[in-house]
Amino acid sequence: MSRYVITRNLWSLDDAFTVREADSGRECLRVRGQALGVGDKLSFEDSSGDELAFIRQGLHLGVQGLCYEISQAGQLAARVNLIPRLRQHLLIETPHPGSFTAAGDIPGMEYQISQDDRQVASISTHWTHDEGSYGVDVAAGQDPVFLLALAVTIETIHQQDG
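Quick look at the structure, then.

### Points about the pattern of salt bridges
Logical step 1: Within the structure shown, the criterion is met by nine salt bridges.
Logical step 2: For Arg8, the salt bridge is made with Glu155, and the minimal N-O distance between the two is 3.1 Å. Taken as a pair, Arg8 in strand β1 (residues 2–8) and Glu155 in helix α1 (residues 144–161) lie far apart in primary sequence, 147 residues in all.
Logical step 3: On the accessibility criterion, Glu155 (5% relative accessible area) is buried.
Logical step 4: Notably, a salt bridge pairs Arg26 with Glu21, separated by 2.7 Å at the nearest N-O pair.

### A short note on the environment of Gly108
Logical step 1: Residue placement: Gly108 occurs in the loop between β9 (100–105) and β10 (110–115).
Logical step 2: Residue classification places Gly108 among the partly exposed residues on the basis of a relative accessible area of 31%.

### A word on the packing of aromatic side chains
Each pair of aromatic rings is reported with the distance of its centres and the angle of its planes.
Logical step 1: Going through the model one piece at a time under the given rule, you end up with one aromatic pair.
Logical step 2: A ring pair is formed by Phe100 and Phe146, whose centres lie 5.3 Å apart and whose planes are at 65 degrees; its orientation type is edge-to-face. Taken as a pair, Phe100 in strand β9 and Phe146 in helix α1 lie far apart in primary sequence, 46 residues in all.
Logical step 3: On the basis of relative accessible area, Phe100 is assigned to the buried category, the value being 9%.
Logical step 4: Positioned above the aromatic ring of Trp127 is the side chain of Arg3, whose terminal nitrogen or guanidinium carbon lies 3.8 Å from the ring centre.
Logical step 5: Over the face of the ring belonging to Phe54 we find Lys41, whose NZ or CZ atom lies 4.4 Å from the ring centre.

### Some remarks on the side chain of Glu45
Logical step 1: Relative to the helices and strands, Glu45 resides in strand β4 (residues 41–45).
Logical step 2: Only 2.8 Å separates the side chain of Glu45 from the side chain of Arg32, close enough to count as a polar contact.
Logical step 3: Sequence-distant contacts of Glu45, defined by excluding residues within four places in its chain, comprise Cys28, Leu29, Arg30, Arg32, Asp50 and Glu51.

### Some remarks on the nonpolar core
Logical step 1: With 40 residues, the main nonpolar core has Ile6, Tyr111, Ile113 and Ile123 as its most contacted residues.
Logical step 2: In terms of residues, this core owes the most to one element, α1, which gives 10 residues.
Logical step 3: Apart from the residues lying within four places of it in its own chain, the contact partners of Ile123 are Met109, Glu110, Tyr111, Ile113, Tyr134, Gly135, Val136 and Ala151.

Each value, and the rule that gives it
- All residue numbers refer to position in the chain's written sequence, counted from 1.
- Local features in this predicted model are restricted to residues whose pLDDT is 70 or higher, and side-chain atom pairs enter the listing and the counts only when it is 80 or higher, whereas totals over whole chains, interfaces and linings include all residues.
- To obtain the side-chain values, all non-hydrogen atoms of the structure were used and water was disregarded.
- Every case where a carboxyl oxygen of Asp or Glu lies within 4 Å of a side-chain nitrogen of Lys or Arg is listed as a salt bridge.
- Put simply, DSSP marks the helices as runs of H or I at least four residues long and the strands as runs of E at least two long, and each gets a number from the N terminus on.
- Exposure categories follow from relative accessible area, calculated using a 1.4 Å probe and restricted to protein chains: below 20% of the type maximum is buried, above 50% is exposed, and the middle band is partly exposed.
- We call Phe, Tyr and Trp rings a pair once their centres come within 6.5 Å, taking the six-membered ring for Trp, and we label the pair stacked below 30 degrees between planes, edge-to-face above 60, and tilted otherwise.
- Only when the NZ of Lys or the CZ of Arg is both within 6 Å of the ring centre and within 35 degrees of the ring normal is a charge said to sit over the ring.
- Two N or O atoms form a polar contact when they lie within 3.5 Å of each other; inside protein one atom must be a possible hydrogen donor and the other a possible acceptor, and for residues adjacent in sequence the pair counts only when both atoms belong to side chains.
- Working rule for contacts: check all heavy atoms of both residues, and any pair within 4.5 Å makes them a contact.
- Put simply, a nonpolar core is a bunch of buried Ala, Val, Leu, Ile, Met, Phe, Trp, Tyr and Cys residues held in one set by side-chain atoms that sit within 4.5 Å of each other.

So yeah, pure geometry; function would need other evidence.
If you want it as structure tokens, here you go:
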């Protein structure tokens, strides 16, 4: 398992989030961009400034509502759909086999992400000490950039709803 700490940078103009390895404290990703509006994006960059993934908000006519798309290597990795009448319900679609779900206290940042009923990440504020930070445990063999992007997407959705 790999453990990361995501911190929302409230006072930065360019960096929305910083991602650090929990054990070493080493910064491993920066998330650049501003609050997501339709067409805006948050870019996940490594320490060299290379984009590894991005999140973009848009409209998804299939469910008649807003969605957030996570892309990696120029390909759609996931779409998180918001159903207007069910603001607590998130549909996570991927182009690959296997369904993802987020369950637990999502607004309180205490939840798990599962793929086909197998936990692949756990999100919690219990073991972080800084205000505006939360931890993400990623199971061995999973794509940490994708799961970190999914956690940031879910947080962004609930920040905008709040």
